[in-house]
Structure formats: structure tokens, C-alpha cells
Amino acid sequence: MFKFDDERDEYVAELNGVEFVCDEPEDGDEEEAQKLSKLYFEKLPEMIEFMWPELQQVYRDIDKAKLPQLLGKPTINLTTCQIMYTEQALDDTHIIEFEYTDELAGFECFNIDG
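Residues numbered from 1 in each chain as written. Predicted model: local features only at pLDDT ≥ 70, side-chain atom pairs only at ≥ 80, totals over all residues. Heavy atoms only, no water.

Trainee: Summarise a negative patch on the surface; cite the residues concerned and give the values.
Mentor: Side chains of Asp 6, Glu 7, Asp 9, Asp 23, Glu 24, Glu 26, Asp 27, Glu 30 and Glu 31 sit close together on the surface and give a patch of like negative charge. Judged by its relative accessible area of 58%, Asp 9 falls in the exposed class. (Patch = residues over 30% accessible without salt bridge, like charges linked within 9 Å, V, L, I, M, F, W, Y side chains within 5 Å. Areas by Shrake-Rupley, 256 points an atom, 1.4 Å probe, with all protein chains shown as cover. Salt bridge = Lys/Arg side-chain N within 4 Å of Asp/Glu carboxyl O. Lys, Arg positive; Asp, Glu negative; His and termini not counted. Charge placed at Lys NZ, Arg CZ, Asp CG, Glu CD. Buried < 20%, exposed > 50% of the residue type's maximum accessible area, 1.4 Å probe, protein only.)

The structure is reproduced here in C-alpha cells:
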């Protein structure tokens with residue numbers, strides 16, 4: 001399932017429109033990716049609520065209802081427990097990222113990088 005990407009120097013897989021990366025696949029990573037690929041869309045409203053205050057400060061005129069489309073495809077790093085939006089359409093400069101706890105139960109350390 002995971003394939004090494006020489007350019008990115010990490011292992012990559014995509015399931016249900018969610019990209020997964022890790023430094024080195026470990027036992028259980030495939031099952032974790034499958035579980036998180038389903039949970040991601042279920043938990044997306046909670047993630048948007050978590051990100052909203054900060055995003056609103058930086059991108060003042062964004063429409064909250066359009067945010068899922070504007071964020072684009074998520075990348076979930078199984079090694080660092082981070083969700084990243086590297087192809088977001090809010091601007092063409094920043095990477096939006098935050099950390100998650102087990103099974104996307106909680107979110108913390110929001111960052112707009114770039």
C-alpha cells in the first residue's frame with residue numbers, strides 16, 4: 001500500500017481522497033490509514049471549528065461553508081500525527097497544519113507555515 005517517494009523521501013499512500021505519509025511503514029499503519037481515511041470526513045466539521053478562529057484572522061473574507069473545498073486534499077502524517085494542507089486554495093504560499101490525537105479525537109498546535 002505505501003510506496004516510497006524519492007522526491008519527498010517518505011512513504012506515501014492515498015485512500016478515499018486522503019493522502020498518508022510516514023517515515024517508515026510500521027505494523028498497523030495500513031489499518032490506521034484505512035480507519036483515518038473514513039474518520040477524516042466524519043471529523044472534518046470538528047477540525048474546521050478548531051481551525052476557524054485562526055483562519056478567520058488570517059483570511060478575513062473566507063466563507064466557512066466553502067472551507068472543505070478550499071483546504072483541498074489533506075495529508076495525514078502517521079509518524080508525527082499531523083494533518084497538513086499543502087495544496088490549499090486560500091493562498092498560494094502557506095501550509096496549514098495541526099496535530100491530532102488518537103483516532104482524530106482531538107486537535108492541537110494549529111500552525112500556518114510559510
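Still more to cover.
Trainee: So what about the packing of aromatic side chains? Which residues, and what values?
Mentor: Inspection of every chain in the model, using the stated rule, returns 7 aromatic pairs. Taken together, a centroid distance of 4.9 Å and an interplanar angle of 90° make the contact between Tyr 40 and Phe 41 edge-to-face. Given the relative accessible area of 2%, Tyr 40 is considered buried. Taken together, the ring pairs in this structure connect Phe 50, Tyr 85, Phe 98, Phe 107 and Phe 110 into an aromatic cluster. (Phe/Tyr/Trp six-rings, centres within 6.5 Å; stacked < 30°, edge-to-face > 60°.)

Trainee: Lay out the pairing of strand S7 (residues 107–113) with the relevant residues and their values.
Mentor: On a regular strand, each side chain points to the face opposite its neighbour's, so the side chains alternate between the two faces of the sheet. Pairing of strand S6 (residues 95–100) with S7, which is carried by 5 bridges, proceeds in the antiparallel orientation. Counterpart to Ile 96 in the pairing with S7 is Ile 112. Where S6 folds back on S7, the antiparallel hairpin that results is connected by 6 residues, among which Glu 103 adopts a positive phi of roughly 55°. (Pairing = 2+ DSSP bridges. Helix = DSSP H or I, 4+ residues; strand = E, 2+ residues; numbered from the N terminus.)

Trainee: Break down the side chain of Lys 43 for me, citing the residues and quoting the values.
Mentor: By the secondary structure assignment, Lys 43 is in helix H1 (residues 29–58). Not counting residues within four places of it along the chain, the set of residues in contact with Lys 43 comprises Glu 103, Leu 104, Ala 105 and Phe 107. (Contact = heavy atoms within 4.5 Å.)

Trainee: Give a description of the nonpolar core that names residues and reports values.
Mentor: Ranked by internal contacts, the top residues of the largest apolar core, which has 31 residues, are Met 51 and Tyr 85. Ignoring anything within four residues of it in the chain, the contact list for Met 51 reads Leu 71, Tyr 85, Ile 96, Phe 98 and Phe 110. (Core = buried A, V, L, I, M, F, W, Y, C linked by side-chain atoms within 4.5 Å.)

Trainee: So what's going on with the pattern of salt bridges? Which residues, and what values?
Mentor: Counting across every chain of the model gives 7 salt bridges. With a shortest N-O distance of 3.8 Å, Glu 46 and Lys 43 are connected by a salt bridge. Taken together, the residues span about one helical turn, with Glu 46 and Lys 43 both in helix H1 at a distance of 3 residues. The exposure class assigned to Lys 43 is buried, which follows from its relative accessible area of 16%. A salt bridge links Lys 64 to Glu 49; the nearest nitrogen and oxygen atoms lie 2.6 Å apart. Of this pair, Lys 64 sits in the loop between H1 and helix H2 (67–71) while Glu 49 sits in helix H1, and the two are 15 residues apart along the sequence.

Trainee: Now, about the state of the cysteines: what can you tell me, with residues and values included?
Mentor: Scanning all chains against the criterion turns up 0 disulfides. Free cysteine: Cys 109, not disulfide-bonded; nearest cysteine sulfur from Cys 81 at 11 Å. (Disulfide = S-S within 2.5 Å.)

Trainee: Tell me what's going on with H1, and back it up with residues and numbers.
Mentor: Taking 1.5 Å of rise per residue, 30 residues should cover 44 Å, yet H1 covers just 34 Å from first to last C-alpha, more than 12% shy of that figure. A maximum bend of about 55° is found in H1 at Lys 43, where proline Pro 45 lies one to four positions downstream. (Expected span 1.5 Å × (residues − 1). Bend = angle between axes of the 7 residues up to and from the residue.)

Trainee: Describe in detail the sheet that holds strand S5 (residues 82–85), supporting the description with residues and values.
Mentor: Pairing between sheet strands relies on hydrogen bonds along the backbone, with the strands arranged either parallel or antiparallel. Spatially, the 7 strands line up as an open sheet ordered S1-S2-S3-S4-S5-S6-S7, and their pairing is mixed. The sheet is open, and its two edges are formed by strand S1 (3–5) and S7, each paired on a single side. Strand-to-strand twist in this sheet, taken as the mean axis angle between neighbours without regard to direction, amounts to 30°. Pairing analysis gives 4 bridges linking S5 to S6, with the strands arranged antiparallel. Within S6, the residue paired with Met 84 across the bridge is Glu 97. Packed on one face of the sheet, H1 meets strand S2 (10–15), strand S3 (18–22), strand S4 (75–77), S5, S6 and S7 and runs near 65° to S7. (Axes fitted to C-alpha atoms, helices over the stretch in contact; angles between N-to-C directions.)

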